[in-house]
Amino acid sequence: MTDSEKIELEKGISLPVMEHFYTIQGEGAHTGKAAYFIRLGGCDVGCHWCDVKESWDPNLHPLMKTEKIAEIAASNCKTIVLTGGEPLMWNLDPLTKKLKDLGCTIHIETSGAYKMSGILDWITLSPKKTGLPKPEIYKKAQELKVIIFNNNDFKFAEEQAEKVEDGCKLYLQSEWSKRAEMYPKMTDFVMKNPKWQVSVQTHKYLNIP
Ligand SMILES: C[S@@+](CC[C@H](N)C(=O)[O-])C[C@H]1O[C@@H](n2cnc3c(N)ncnc32)[C@H](O)[C@@H]1O
Ligand SMILES: Nc1nc2[nH]cc(C(=O)O)c2c(=O)[nH]1
Ligand code: SF4
Ligand SMILES: [Mg+2]
């Protein structure tokens, strides 16, 4: 990477884009809604079951000018989902400012492990034990989405729910490979604890990105 590329990355004028695509939000509170996804490269949280490990190394993903990616996204759809990788590894100020100028509503999928940046309308916080969220993001999240890989994760979910604001929507989502085992347990848990809702990765059943 050249020095000028490094500076542009630090300022958020360019970002490593792994992929960008128009699809249907498959998970959580906005399931079923058309949205343009921007998947940024780079994550070191290290979830062993991560379904997009190809995103982890930011050097494998080309730097794109944020103005350009914003224009492409907004020309497809005014609902944008920023994801990764871990999108908050980067300075999201220029990208989200441009998306806002273009009339977009901006959602983010994040572990919350990095400092917040950007103008964000909907924060889906998916906390991870290997890289807990920064305290500030709990108060800002509209949606908490905890992945259930094993029985201990129900307790982790309850602990994380203590930290968010009252209006925050609470979702449990099975780790994909454990779904046959975990959804029956999650069904039982949600019926006993109805403040929680179940989230299913519907896009994986629909065979869409
Ligand atoms: C790939 S992550 C990218 C955004 C951010 N790094 C995060 O973890 O929130 C997007 C969403 O997919 C979830 N996820 C990742 N791998 C999964 C899997 N194997 N099964 C179920 N959900 C998964 C994450 O918890 C997160 O809610
Ligand atoms: N359709 C679809 N919905 C999603 N919701 C969150 C996703 C993500 O990887 O962040 C995702 C994804 O990869 N595809
Ligand atoms: S934080 Fe997100 S992108 Fe990073 S490893 Fe975990 S699920 Fe994958
Ligand atoms: Mg995904």
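Cut-off values and rules
- Residues numbered from 1 in each chain as written.
- Chains lettered and ligands numbered in written order.
- Predicted model: local features only at pLDDT ≥ 70, side-chain atom pairs only at ≥ 80, totals over all residues.
- Core = buried A, V, L, I, M, F, W, Y, C linked by C-beta atoms within 7 Å.
- Buried ≥ 20, exposed ≤ 12 C-beta atoms within 10 Å, placed from the backbone.
- Helix = DSSP H or I, 4+ residues; strand = E, 2+ residues; numbered from the N terminus.
- Contact = placed C-beta atoms within 7 Å.
- Pairing = 2+ DSSP bridges.
- Axes fitted to C-alpha atoms, helices over the stretch in contact; angles between N-to-C directions.

1. Structural notes on the nonpolar core
For step 1, the next point in the chain: Residues I38, I80 and L82 are the most contacted members of the largest nonpolar core, which totals 45 residues.
For step 2, the next point in the chain: If you tally residues by element for this core, the top one is strand β2 (residues 34-40), at five residues.
For step 3, the next point in the chain: Here I80 is in contact with A35, Y36, I38, A73, L99, C104, I106 and H107, once residues within four sequence places are set aside.

2. Digging into the sheet that holds strand β8 (residues 169-174)
For step 1, the next point in the chain: The strand order β3-β1-β2-β4-β5-β6-β7-β8-β9 describes an open sheet built from nine strands, whose pairing is mixed. The two strands at the open ends of the sheet, each matched to only one other strand, are β3 (63-65) and β9 (196-199). For this sheet, the mean inter-axis angle between neighbouring strands, taken without regard to orientation, is 30 degrees.
For step 2, the next point in the chain: Direction of pairing for β8 relative to β9: parallel, over a ladder of four bridges. When the bridges of β9 are listed, L172 appears paired with V198.
For step 3, the next point in the chain: Against the sheet, helix α2 (residues 66-76) contacts β1 (14-24), β2, β3 and β4 (79-84), and its axis sits at roughly 5 degrees relative to β1.
For step 4, the next point in the chain: Lying over the sheet, helix α5 (residues 152-161) contacts β7 (143-148) and β8, oriented at roughly 165 degrees with respect to β7.

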